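One letter stands for each residue in the lines below.
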Amino acid sequence: MLVVEDEKKLGELLGRGLREEGYAADVADRGEAALWMAQAVDYDAIVLDVMLPGVDGFDVCRRLRKDGVWTPVLMLTARDAIEDRVSGLDTGADDYLTKPFSFDELLARLRALTRRAPAERPAVLEVGALRLDPAAHRAWRGDRELDLSAKEFALLEVFMRRAGVALTRTQLLDGAWDLAFESRSNVVDVYVRYLRQKIDRPFGTDSIETVRGVGYRLRKE
Ligand code: CA
């Protein structure tokens, strides 16, 4: 997720809240930075405040669409500013939320937006006996529920969305961690090990394969 909000406290709060929910979240405090980041990273959704210094939220959305970036945008508008909502949707935003809002509602809107995204996003992911429900934040192998940390869950989701494809460590990092995450060395290997201990070892399966010289692949089964 990309959060664009110039109010430092609110931006940090949203970023932290999303990470606690298992999302990778970057926070930008300027429209200019948001434009650059949204072109560089294929975000699942963008939470975009309308009132930004410099390039405002409307401009950001308009320019992204003009440049062919179709990432779902949830706009944050001022209370009762009906013209803001209309202009927001006119610039290509997918939904809006009026400030102040509850974090639960933000999450619900984001889930709806990412399900609707142009890429195929089924509500529940299934790969072989593995099942993962992003909205409920639960995962199973067969009938047994898996007890995963937020980061393990995020990593498994990345694998399941690209089952059968060899993913590089960088792709896994981009999908499950934030840009701000600096230590790009062995963190993926460590978490793949944790994940294997939870989704494979107790079941005598071997679904995450090491692809020598590339990274890892979730077997399609
Ligand atoms: Ca603002």
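Residues numbered from 1 in each chain as written. Predicted model: local features only at pLDDT ≥ 70, side-chain atom pairs only at ≥ 80, totals over all residues. Heavy atoms only, no water.

Enquirer: Would you take a moment to explain the coordination of the calcium ion for this structure?
Expert: Any two of four tetrahedral donors ideally make an angle of 109.5 degrees at the metal, while pairs among six octahedral donors ideally make 90 or 180 degrees. Protein coordination of the calcium ion is provided by E5 (OE), D6 (OD), D49 (OD) and M51 (O), with donor distances spanning 2.1 to 3.1 Å. Sequence spacing among the residues donating to the calcium ion works out to E-D-x42-D-x1-M. (Donors = N, O, S within 2.8 Å, 3.2 Å for Na, K, Ca; no water.)

Enquirer: Can you walk me through helix α7 (residues 169-176) in this structure?
Expert: Side chains three or four residues apart in an α-helix point the same way, a direct result of the helix having 3.6 residues per turn. Taken as a whole, α7 has its buried residues at L172, L173 and A176. What you see down the axis of α7 is that its buried residues fit within an arc of 100°, all on one side. In the core, the buried residues of α7 are packed alongside α6 (150-161), β10 (166-168), α8 (187-199) and β12 (215-218). (Buried < 20%, exposed > 50% of the residue type's maximum accessible area, 1.4 Å probe, protein only. Helix = DSSP H or I, 4+ residues; strand = E, 2+ residues; numbered from the N terminus. Arc of directions from axis to C-beta. Contact = heavy atoms within 4.5 Å.)

Enquirer: Whenever I open this one, the domain arrangement of the protein chain confuses me. Can you help?
Expert: Accessible area lost during the coming together of the parts is what is often quoted as the interface size. Each domain of the protein chain was delimited in the assignment, giving domain 1 (2-116) and domain 2 (125-218). When each unit is reduced to the centre of its C-alpha atoms, the spacing between domain 1 and domain 2 is 27 Å. Across the domain 1 to domain 2 interface the summed buried area is about 770 Å²; carbon plus sulfur atoms make up 53%. Of all residues in domain 1, G22, A24 and D26 bury the most surface against domain 2, accounting for 44% of the area lost on that side. (Domains from an automatic or database assignment. Buried area = accessible area lost by both parts, 1.4 Å probe.)

Enquirer: Would you explain the packing of helix α2 (residues 31-40) against helix α3 (residues 57-66) in this entry?
Expert: When two helices pack together, their arrangement is captured by the angle between the axes and the distance separating the axes. Here α2 crosses α3 at 25°, and the two axes come no closer than 10 Å. Here α2 lies roughly parallel to α3, going by the angle between them. Note on packing geometry: the crossing formed by α2 with α3 is right-handed. The residues of α3 that touch α2, namely those facing G31, A34, L35 and A38, are V60, R63 and L64. (Axes fitted to C-alpha atoms, helices over the stretch in contact; angles between N-to-C directions. Parallel < 35°, antiparallel > 145°, perpendicular 65-115°, else oblique. Left-handed = near helix turned anticlockwise from the far one by under 90°.)

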